[in-house]
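Below are the chains, spelled out letter by letter.
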There are 2 protein chains.
Amino acid sequence: MDDQHSVTIKDIAQRLKLSPSTVSRALRGGTEIREETRRLIQEVAREMHYSPNPIALSLKEKKSKIIGVIVPEIANNFCSATIAGIEEVAYSRGYHVIIFQSHELYEREVTSIQLLTSRRIDGLILTISNETRNYDHLQALRGKGIPLVMFDRVCEEIKTHKVVVNDYQGAFDATCHLIREGFTRIAHVAIAPYLSITQNRLKGYEEALRSHHLPVKKNWIVHCDFDAMSIEKAVRQLFEGSERPDAIVASTERLAIGCIKVLREMKLRIPMDVALVGFSDNPLNKFMAPSLTAVQQPTFDIGQKSAELLIELIESKTPPKNYRTIEMKTTLDIQDSSRNLTG
Amino acid sequence: MDDQHSVTIKDIAQRLKLSPSTVSRALRGGTEIREETRRLIQEVAREMHYSPNPIALSLKEKKSKIIGVIVPEIANNFCSATIAGIEEVAYSRGYHVIIFQSHELYEREVTSIQLLTSRRIDGLILTISNETRNYDHLQALRGKGIPLVMFDRVCEEIKTHKVVVNDYQGAFDATCHLIREGFTRIAHVAIAPYLSITQNRLKGYEEALRSHHLPVKKNWIVHCDFDAMSIEKAVRQLFEGSERPDAIVASTERLAIGCIKVLREMKLRIPMDVALVGFSDNPLNKFMAPSLTAVQQPTFDIGQKSAELLIELIESKTPPKNYRTIEMKTTLDIQDSSRNLTG
DNA sequence: CTGAAAGCGCTTACAG
DNA sequence: CTGAAAGCGCTTACAG
């Protein structure tokens, strides 16, 4: 109907009988131009609905103004809320966001990074998959000069800005809360053991038990993958021994839901037979049966902060003297799943 | 550390003492090249970790290989699941996806489209905001030759491929189910009245009542915006009249959750005092208190189909003779929130 | 203050 | 079969 072809600087130049250079200068805001010419050009540009071609700009400036994001699963409340935070900051600073999902697979994470770097992204924000134990693909980003910010599941081995929550404290508080409610046989269901968040949450859990002189029992600590089978197996295993737990600290939202599901199948009531605390900030928590007590992570803020740090890295001329790890605060949202109704 | 600068076709040419043209041809798979030269070039390219610069390609071919997506809110199960479907198809066909959120605001929808078109996206997939009643911004896409696919909240006025579910049938089935359970005073809580999905679901609801010789009462049909206040007001309003409903059909997931929240505040029990059916495919539905009966939409498939149709439009040389509207099937997932326990 | 030229990385008619 | 040239849309030293 209209112009299939977008208007370019050349079109404006032609119409005004000026050179493209002059038009570019007028639009860019360089100083070496007569104020009158500039006004004229800007007016015509507006009139012709000119908008600069970002692709040409990218080619010239070797910047794509695109940020890559890799998360395990976009259709997961933690991830989508974080992404919302990332997007808000990114867009306000003129960046666009391209999202990849690792589906908790190391393989997919590596491929995603390759695709993303071949797209010439300006920087990457990621939380590693449940399988990731080798960080060469992240190290490679370094080699290519692509800034990186990690959040949630970070790792020691990579030196860069990171955004995490106080996992240790969160798990500690959750466990103490259960103890205070009178539960004494508290189990812990976690994801892959080599992940930083797993280790920190595990430490918080253990320390809470110790500080209350409760034993830390190895077979009350189980790790699982992300398939339904694995969670089911792990949870059932907890109840096979002679001494059954009376409460569970689940280290992620998915695991908490998994626990609810399996406990229900096993006809164990929450919290009467087994109490439960998860890590989650799902707004649906309070509408669950039972409503779910959870260590709440400030997901949106985590996303925002990650994006801010990344853009800082992208736009600073020199690499920072030292990398920061921002630790956000969690809060324990107490609902019914952890209440001792028999007390 | 390594090469800050990515290797280009020129680098390969230099090393092989060939011209960039030849290298390009070898890599692109043109026929006019000696098999031996090609093999050599490809080998060196691999060795040097060459990957074509998509930005240069975009500039040349006037294609960005980027698809824009606009949804109300990414941190919403319906949206994120649909996006997951879109991404899967997009990536498998070499496209990347840039997401914008309208936050249910017409204003933001318009701005997003502007930003997206200035990004030179190859096509757009969107579901309109709750506020959108004017479609000039979508029509403008036409003018610019940017293909469009609408899903979920579509509109008659724009002629293009669309992906919807059988909203009429879904609401009809949901309402019939309630009637079969013995509920007779069934209300309907919906979003903006001018949206296609609102109208179709409303029709299904009304027709179900009529076909069972139940009256359609105007004050049992309420529409709300997306803020919590609006939902609260709408639901409370339902119970102000002399004749109170004994069941509600909520036309989206958000509204269903909103109903649960407000009914709880009003100390009305679900389903004993008021039964509830929503539209939702949230995997948490069955873990809610009470578990939520819902018309399930095949979200992932909707996303996949939308992306397929869009890419078809993008890659076909000629505009299609006629636009299609794909209607997906919903299924009614019956849980506790709609059971008549008093019967 | 304005313009011509070169270049970002790539492709593709056009010569040879 | 291979290379030189032009061009995608833009910016920016370099002249004038």
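Residues numbered from 1 in each chain as written. Chains lettered and ligands numbered in written order. Predicted model: local features only at pLDDT ≥ 70, side-chain atom pairs only at ≥ 80, totals over all residues. Heavy atoms only, no water.

Enquirer: I keep staring at the overall build of chain A and nothing clicks. Help me out?
Expert: Helix and strand content of chain A: 12 helices and 12 strands. A globule of 343 residues ought to have a C-alpha radius of gyration of about 20 Å, yet chain A, at 26 Å, is considerably larger. If you line up chain A on its principal axes, its C-alpha atoms span 90 × 40 × 30 Å. Looking at chain A as shown, the accessible area adds up to about 15500 Å², and 50% of this sits on carbon and sulfur atoms. In chain A, 45 side chains carry a positive charge and 43 a negative one; their mean positions are 4 Å apart. (Helix = DSSP H or I, 4+ residues; strand = E, 2+ residues; numbered from the N terminus. Rg over C-alpha atoms; globule rule 2.2 N^0.38 Å. Areas by Shrake-Rupley, 256 points an atom, 1.4 Å probe, with all protein chains shown as cover. Lys, Arg positive; Asp, Glu negative; His and termini not counted. Charge placed at Lys NZ, Arg CZ, Asp CG, Glu CD.)

Enquirer: Could you clarify how one ought to interpret the protein's contact with DNA strand C in this entry?
Expert: Every one of the 25 residues lining DNA strand C counts as a neighbour, but A:Lys60, A:Lys62, B:Ile9, B:Ser24 and B:Arg28 are closest to it. Backbone atoms, meaning sugar and phosphate, form 64% of the atoms of DNA strand C found within 4 Å of the protein. Ranked by residues supplied to the surface near DNA strand C, first place goes to helix α2 (residues 20-28) of chain B with 4 residues. Of the residues in the surface near DNA strand C, the class split is 8 nonpolar, 8 polar and 9 charged. (Near = heavy atom within 4 Å. Nonpolar A, V, L, I, M, F, W, Y, C, P; charged D, E, K, R; others polar.)

Enquirer: I'm lost on the relation of the copies chain A and chain B in this one. Help?
Expert: What connects the two chain copies is a rotation about an axis and a shift along it. If you rotate chain A by 180° and push it 0.0 Å along the axis, it lands on chain B with an RMSD of 0.0 Å. What the rotation and shift describe, once combined, is the action of a two-fold rotation axis. When C-alpha distances to the rotation axis are compared across chain A, the minimum falls at A:Met288, with a value of 1.9 Å. Same-surface contact between copies: 100% of interface residues of chain A are shared with the interface of chain B. (Least-squares fit on C-alpha atoms with pLDDT ≥ 70 in both. Contact = heavy atoms within 4.5 Å.)

Enquirer: Just checking my understanding: could you explain the environment of A:Ile334 for this structure?
Expert: Residues and elements named next belong to chain A. Along the chain, the position of Ile-334 falls in the segment after β12 (331-333). With a relative accessible area of 35%, Ile-334 lands in the partly exposed category. Separated by 43 residues in the primary sequence, Ile-334 and Ser-291 have C-alpha atoms spaced 8.9 Å apart. (Buried < 20%, exposed > 50% of the residue type's maximum accessible area, 1.4 Å probe, protein only.)

Enquirer: Teacher, can you tell me more about the sheet that holds strand β10 (residues 293-296) of chain B here?
Expert: Sheet strands pair via backbone hydrogen bonds, and the direction of the pair is either parallel or antiparallel. Residue and element names in this part refer to chain B. Read from one edge to the other, the open sheet built from 6 strands follows the order β7-β6-β8-β9-β10-β12, with strand pairing classed as mixed. Edge positions in the open sheet fall to β7 (221-223) and β12 (331-333), since each of these has one partner strand only. Averaged over all pairs of adjacent strands, the angle between their axes in this sheet comes to 20°, without regard to strand direction. Sheet topology places strand β8 (residues 247-250) next to strand β9 (residues 275-279); 3 bridges connect them, and they run parallel. (Pairing = 2+ DSSP bridges. Axes fitted to C-alpha atoms, helices over the stretch in contact; angles between N-to-C directions.)

Enquirer: What exactly am I supposed to notice about the packing of aromatic side chains here?
Expert: Here a ring pair, both rings aromatic, is described through the centre-centre distance and the interplanar angle of the planes. Residues and elements named next belong to chain A. Scanning the entire structure with this criterion turns up 6 aromatic pairs over all chains. Ring geometry for Tyr-168 against Phe-172: centres 6.1 Å apart, planes inclined by 15°, an arrangement best described as stacked. With Tyr-168 and Phe-172 both in helix α8 (residues 167-180) and 4 residues apart, this pair spans about one turn of that helix. Look at Tyr-168 and you get partly exposed, because its relative accessible area is 34%. Taking the ring centre of Phe-279 as reference, the NZ or CZ of Arg-201 above it sits at 4.0 Å. (Phe/Tyr/Trp six-rings, centres within 6.5 Å; stacked < 30°, edge-to-face > 60°. Lys NZ or Arg CZ within 6 Å of the ring centre and 35° of its normal.)

Enquirer: What am I meant to see in the side chain of A:Ser102 here?
Expert: Within the secondary structure, A:Ser102 sits in the loop between β2 (96-101) and α6 (106-118). When sequence neighbours within four positions are dropped, the list of residues in contact with A:Ser102 reads A:Ile70, A:Val71, A:Pro72, A:Arg108, A:Glu109 and A:Ser129.

Enquirer: I keep staring at the packing of helix α5 (residues 77-92) of chain A against helix α12 (residues 299-315) of chain A and nothing clicks. Help me out?
Expert: Axis angle and axis distance: for two packed helices, these are the angle between their axes and the distance between the axes, and together they describe the pair. All names here are of chain A. It is the contact of α5 with α12, at a shortest axis distance of 7 Å, that shows an interaxial angle of 45°. As the angle between them shows, α5 and α12 are arranged oblique. With respect to the hand of their crossing, α5 and α12 are arranged in right-handed fashion. Residues Phe-78, Ala-81, Thr-82, Ala-84, Gly-85, Ile-86, Glu-88, Val-89 and Ala-90 of α5 form the contact with α12, whose own contacting residues are Thr-299, Phe-300, Ile-302, Gly-303, Gln-304, Ala-307, Glu-308 and Ile-311. The residue inventory of the contact of α5 with α12, partitioned by class, reads 10 nonpolar, 5 polar and 2 charged. (Parallel < 35°, antiparallel > 145°, perpendicular 65-115°, else oblique. Left-handed = near helix turned anticlockwise from the far one by under 90°.)

Enquirer: When you look at the nonpolar core in this model, what are you seeing that I'm missing?
Expert: A general feature of soluble globular proteins is that nonpolar side chains tend to end up buried together. If you look at the biggest cluster of nonpolar residues, it comprises 139 residues, and the most contacted ones within it are A:Leu138, A:Ile248, B:Leu138 and B:Ile248. Other than its neighbours up to four places away in sequence, B:Ile248 contacts B:Leu178, B:Ala187, B:Val189, B:Leu238, B:Phe239, B:Cys259, B:Leu263, B:Val274, B:Ala275, B:Leu276 and B:Val277. In this structure, A:Met328, B:Phe78, B:Ala84 and B:Ile125 belong to the second largest nonpolar core, which totals 55 residues. (Core = buried A, V, L, I, M, F, W, Y, C linked by side-chain atoms within 4.5 Å.)

Enquirer: Would you explain unusual backbone geometry in this entry?
Expert: Residues other than glycine predominantly adopt negative phi, and peptide bonds predominantly adopt the trans conformation. Going from A:Ile270 to A:Pro271, the amide bond is cis rather than trans, its omega being 0°. Relative to the helices and strands, A:Pro271 resides in the loop between α11 (253-265) and β9 (275-279). Of note, the phi angle at B:Lys62 is positive, near 55°, even though the residue is not glycine. Following the sequence through the fold, B:Lys62 ends up in the loop between α4 (54-61) and β1 (66-71). Assessed through its relative accessible area of 71%, B:Lys62 is described here as exposed.

Enquirer: Is there a simple way to explain the protein's contact with DNA strand D in this structure?
Expert: Neighbouring DNA strand D are 25 residues, the closest being A:Ile9, A:Ser24, A:Arg28, B:Lys60 and B:Lys62. Of all atoms in DNA strand D that approach within 4 Å of the protein, 63% are sugar or phosphate atoms. In this structure, A:Lys60 approaches DNA strand D through a side-chain N or O atom, which is 3.1 Å from a base oxygen. Here B:Thr22 contributes a side-chain N or O atom positioned 2.6 Å from a phosphate oxygen of DNA strand D. By residue class, the composition of the surface near DNA strand D is 8 nonpolar, 8 polar and 9 charged. (Polar contact = N/O pair within 3.5 Å; in protein donor to acceptor, adjacent residues only side chain to side chain.)

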